[in-house]
Amino acid sequence: MAPPSRTPAPARFPPLSAYDASARERRTAASDLDGTLLASSSAFPYYFLVALEAGSYVRALALLLLAPFILLLYTAVSEPAAIALLVFATFAGLRLDDVEAVARGVLPRHYAAGVRADSWEVFRGCGSGRRVVVTASPAVMVGPFVREFLGAEVAGTELRTFAGGKRFTGVIESVLVGERKREVVERMFAGGDMPDVGLGDRESDHDFMAICKEAYMVPTNKSAPRAAADALLSRVVFHDGRLIHRPDPKHALFSLAYLPVGFALALLRVFISLYVPRGLVRHAYRLTGIRLAVRGIPPPPPSHGTPGSLLVCNHRTAVDPIMVSIALGRQVTCMTYNVSELSTAISPVPTVALTGYREVDKARIAALLESGRDVVVCPEGTTCREPCLLRFSGLFAELTDWIVPVAVEAAQSTYYGSTARGSQAMDPWFFYMNPRPGYRVTFLPALQPEETCGVGGRSAVEVANHVQAVISKELRYECTGFTRKDKYMKLVGKDGRVANECEQNGKKLA
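Model, not experiment: these values are computed from the prediction. (Residues numbered from 1 in each chain as written. Predicted model: local features only at pLDDT ≥ 70, side-chain atom pairs only at ≥ 80, totals over all residues. Heavy atoms only, no water.)

### Remarks on the sheet that holds strand β10 (residues 333–336)
Whenever strands of a sheet pair, they do so through backbone hydrogen bonds, lying parallel or antiparallel. The mixed open sheet is built from seven strands, whose spatial order is β8-β15-β14-β9-β12-β10-β11. Both outer strands of the open sheet, β8 (291–296) and β11 (351–353), are each paired with one neighbouring strand and no more. Along the sheet, successive strands turn relative to each other by an average axial angle of 25°, direction set aside. Where strand β14 (residues 403–411) lies against strand β15 (residues 438–443), six bridges are found, and the strand directions are antiparallel. (Pairing = 2+ DSSP bridges. Helix = DSSP H or I, 4+ residues; strand = E, 2+ residues; numbered from the N terminus. Axes fitted to C-alpha atoms, helices over the stretch in contact; angles between N-to-C directions.)

Now the structure itself:
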């Protein structure tokens, strides 16, 4: 919760602006997190995300309704009492694995976007030795971000568990504030010198700051300049969670209150996709708030007896093939992983599941092309939310020489239409639930014969890299070597391969 206005810092703790990096070498540092390294002093949005993503929408709603009372408790009683109630309402009964997945895949993006440039510059400047973050937030919640993005050790509030350590009770022994922070810092630096630099932003930080060789108060400023993404020790490429914005109370309330309205709107938009004639869908979409922009020259429809076009596009959401089909003005067939019955039922585009086995998938796609159908493939194998392109699989390049690159961009304002941990059957629904979603589909020139595997004699990898480069240039995205496996190992802890009949027969993955 956002703390009340604070008492001015004692004179012995000068403001952060008084720090002089050239005065002497500092090798170690200890710092608070919320309000110090992060511009916002409120940790509520992160607790809300844990309640929503590791718990449920009901738990998140209950936490939001409880928020005013927690703030009152913070103001009228004490910081530890308010934090203890906030922790209990958020964590009681949650599975440890779910919370760790949220801390690893959802929270870092929101934390990283809020890092203050000035305090991070001071904290990072002490990196030749040891950096420690001491925070009242649960260590399980902040640990992955602090270690990966700030390169620091973390000391946070520890939570009790039950069921053999698999679930949280929501009870804590003591909140890490005041003297408890000082005790932890003394224990972490036992046997050596205390930290060279201490950073804090509130009275409950004074105890640990007092044992540092020099300490500075970080002034409250929610609009303080943020650290650039490349200034942190890691960058966010893969992240999960449904909410696009950091859920401060205002955004949190909207994201929950809008759900019934958004679902009704999604039903209308799905109905339009399924039953409105294809030539009128774009206009009907516009009436419901969906903006679809089409650029470039679509490939002509295949004539009788000739193979269809292979439309190779980057992957942003589950509705990419639907938007490509509408922009093209005719039916296409989509090849994708993780085909659910619900997604298939609401899709106007025929969907064929990829198995992850090269020879099987080659045969399926080749048969579709030979039958004269246009086929949409996304060689990244999974969605990416950031302005990056994952490595393109070269499988598509071996199938035909008539390859048309397609660049797609999706605009979403409230909910992400993709997920790794959640129900992927709900991905199209969440995209359509956005108040004013948008898409831009750009048809790029088909590959020249000399740029293909057949006539040009290029390798499949060369063709895949070329198509990736063409699309990235159009979108001004960064080409990366990351893969579907990298994403799922990061967010879910497994490689993301889909179980299927080939796996059951023991065939080897290509």
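### Some remarks on the pairing of strand β2 (residues 130–138)
Within β2, eight of the nine residues are buried, which leaves it mostly tucked inside the rest of the structure. In this structure, strand β1 (residues 28–31) lies alongside β2, joined through four bridges in parallel fashion. In the sheet register, Thr28 faces β2, and the bridge partner there is Arg130. Both β2 and strand β3 (residues 153–157) contribute to a ladder of four bridges, which runs parallel. Looking at β3, one finds that Val134 is bridged to Ala155. (Buried < 20%, exposed > 50% of the residue type's maximum accessible area, 1.4 Å probe, protein only.)

### Quick notes on the sheet that holds β3
Taken together, the five strands give an open sheet; going across it, the order is β3-β2-β1-β6-β7, and neighbouring strands pair in parallel fashion. Looking at strand neighbours, the two that pair on one side only are β3 and β7 (214–217), the edges of this open sheet. Along the sheet, successive strands turn relative to each other by an average axial angle of 15°, direction set aside.

### What to know about the environment of Asp320
Within the secondary structure, Asp320 is located in helix α13 (residues 320–328). Residues Asp320 and Thr383 lie 63 residues apart in sequence; the distance between their C-alpha atoms is 9.8 Å. Each residue touching Asp320, except ones within four places of it in the same chain, is listed here: Asn314, His315, Val408 and Tyr439. (Contact = heavy atoms within 4.5 Å.)

### Things to note about the side chain of Thr414
By secondary structure assignment, the location of Thr414 is in the loop between β14 and α16 (427–433). For Thr414, a relative accessible area of 8% corresponds to the buried category.

### Structural notes on the pattern of salt bridges
Evaluation of the coordinates by the stated rule reveals 24 salt bridges. With a shortest N-O distance of 2.5 Å, Arg130 and Glu153 are connected by a salt bridge. Placement of Arg130 in strand β2 and of Glu153 in strand β3 is noted, with a sequence separation of 23 residues between them. Look at Glu153 and you get partly exposed, because its relative accessible area is 32%. Between Arg182 and Glu186 there is a salt bridge, with its nearest N and O atoms 3.3 Å apart. (Salt bridge = Lys/Arg side-chain N within 4 Å of Asp/Glu carboxyl O.)

### Concerning the state of the cysteines
Tallying each qualifying case throughout the model produces zero disulfides. The structure places no disulfide on Cys378, whose sulfur is separated from the nearest cysteine sulfur, that of Cys313, by 3.5 Å. The thiol of Cys384 is unpaired, and the distance to the nearest cysteine sulfur, on Cys388, comes to 5.2 Å. On the basis of relative accessibility, which here comes to 1%, the residue Cys384 falls in the buried class. (Disulfide = S-S within 2.5 Å.)

### Thoughts on the confidence of the model for the protein
Averaged over every residue, the pLDDT of the protein is 90; the share at 70 or more is 93%. Segment residues 2–11: pLDDT under 50, and 15 contacts once partners within four positions in sequence are set aside and those in other chains are kept. Between residues 498–510, whose pLDDT stays under 50, and residues either more than four places distant or in other chains, the model counts 20 contacts. (pLDDT = per-residue confidence, 0-100.)

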